[in-house]
Amino acid sequence: MSQVSLSKSVRQNLMSLQSTADLMASTQQKLSTGKRVNSAMDNASNYFTSSSLNSRASDLSSLLDGISNATKTLEAANNGITAIKKLVESAQSTMRQAAATDATDTVTLGKLEDQYNETISQIDKIAADSGFNGVNLLDGGANAFKVTFNEKTGAAKNELSIDHVDSDSGGLGLAAIGAGTLDATVAQTTLDDLNDALTTLRGFASSFGSNATTIQIRQDFTKSTINTLKTGADNLVNADINEEAATLLALQTRQSISQSALSMANQQDQAVLRLFG
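Given the structure is predicted, the values throughout are model-derived calculations rather than measurements.

Conventions used here
- Residue positions are given per chain, counting from 1 as you read along its sequence in written order.
- Whole-chain, interface and lining totals are the exception, using all residues; otherwise, since this is a predicted model, local features are given only for residues with pLDDT of at least 70 and side-chain atom pairs are given and counted only at 80 or more.
- With hydrogens and water excluded, all non-hydrogen atoms of the structure serve as input to the side-chain values.
- Only Phe, Tyr and Trp rings are paired, with Trp represented by its six-membered ring, and only when their centres lie within 6.5 Å; those with planes under 30 degrees apart are stacked, over 60 edge-to-face, the remainder tilted.
- The cut-offs for exposure are 20% and 50% of the maximum accessible area for each residue type, with area from a 1.4 Å probe on protein chains only; residues under the lower value are buried, those over the upper are exposed, and the others partly exposed.
- Any carboxyl oxygen of Asp or Glu within 4 Å of a side-chain nitrogen of Lys or Arg constitutes a salt bridge here.
- Only DSSP runs of H or I covering at least 4 residues are called helices, and only runs of E covering at least 2 are called strands; the numbering of each starts at the N terminus.
- Helix span, expected: 1.5 Å multiplied by one less than the number of residues in the helix.
- Counted as a polar contact is a pair of N or O atoms within 3.5 Å, where, for protein atoms, one must be capable of donating a hydrogen and the other of accepting one, and residues adjacent in sequence contribute only when both atoms are in side chains.
- As a per-residue measure, pLDDT tells how confident the predictor is, with possible values from 0 to 100.
- When DSSP locates at least two bridges between a pair of strands, those strands are taken to pair.
- Between two residues, a contact is recorded if the distance between any of their heavy atoms is within 4.5 Å.

Student: Break down the packing of aromatic side chains for me, with residues and values.
Tutor: Summed over all chains, the structure comprises 1 aromatic pair. Ring geometry for Y47 and F48: centres 5.3 Å apart, planes at 80 degrees, overall edge-to-face. A residue is classified by how much of its surface remains accessible, and Y47, at 29% relative accessible area, is partly exposed.

Student: Which residues make up the pattern of salt bridges, and what values do they have?
Tutor: On inspection of all chains with the given rule, the structure shows 4 salt bridges. When the shortest N-O distance is used, the salt bridge between E75 and K72 registers 3.4 Å. Note that E75 and K72 are positioned in helix α2 (residues 44–99) at a spacing of 3 residues, about one turn of the helix. Here K157 makes a salt bridge to E159, at a shortest N to O gap of 3.8 Å. Members of the salt-bridge network, linked through shared partners, are K146, K157 and E159.

Student: For unusual backbone geometry, give the residues involved together with the corresponding values.
Tutor: Even without being glycine, N133 reaches a positive phi, approximately 55 degrees. As for its position among the elements, N133 is in the loop between α3 (106–128) and β1 (145–148).

Student: With reference to specific residues and values, describe helix α4 (residues 184–237).
Tutor: With 54 residues, α4 should reach 80 Å at 1.5 Å per residue; the first-to-last C-alpha distance of 79 Å fits that figure. Where α4 begins, the side chain of D183 points an oxygen toward the backbone nitrogen of T185, at a separation of 3.1 Å.

Student: Tell me about the confidence of the model for the chain, residues and numbers included.
Tutor: Mean pLDDT over the chain stands at 87; residues scoring 70 or higher make up 86%. The secondary structure element of the chain with the lowest average pLDDT is helix α5 (residues 241–275), at 66, and the one with the highest is α3, at 96.

Student: Requested: an account of the pairing of β1, with residues and values cited.
Tutor: Alternating residues of β1 divide into F145 and V147, all buried, and K146 and T148, none buried. Where β1 lies against strand β2 (residues 159–162), 4 bridges are found, and the strand directions are antiparallel. Within β2, the residue paired with F145 across the bridge is I162.

Student: Just give me the short version of the environment of K85, but keep the residues and values in it.
Tutor: Within the secondary structure, K85 is located in helix α2. Taking the C-alpha atoms as reference points, K85 and R202, 117 residues apart in sequence, are found 8.4 Å from one another. When residues no more than four places from it in sequence are discounted, the contact partners of K85 are L198, L201 and R202.

Following this line, the structure appears as structure tokens:
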């Protein structure tokens, strides 16, 4: 098949149209994706750096659920301690009444004894029910509860270990009073034990409160870091939509002019041919 020869002016206008079409396709892709770097072919350095930043942001985001769960676990433990403290204070009130009750009033002492023993029973139940998502920091478990703060491993891994505490009646040094044994002496001894239990509970609450503050600070820091990483990644690849829209409009205008120029070049070639007609 013989080749079709194009005049110089037609070829130049055709090449201009092709170049404009390529630029328009690239600009339209940037507008549709919102990115000026869509692959390593566009800008290898920016593409891979952005991917790395987004990967780390994703890794940190996956840790936020664990950090949030840790906050709720501590909140559940603190709620348990608060309730147990109220029960201990109630038991103190009961023992004060017992200490002031005449030893011959066995009916009253028997009722106070029952009240106290029921309170001790409730302390055990609250301690057992103070877990969150399968973790109960009040059960005296031997394995520390660990909260991971970064995506690294080995020596670079950052995590907080929170020890379980034994906050049931046995862990607090409290025990039920034997039937018919409550008197002023037993009541006073029990009051001393209750005072010690309150001191222990305040220590637990202080420790958990400090851990909760640390976790909250780390949670806020992680969220800020994720935002910084994502913003940095976006700045490397995102397109300026206003600029790209203006570029597309200019390219459309150029395309229209090139089409008109190509048409005029063809008309000139046809006019030359008519001279030989």
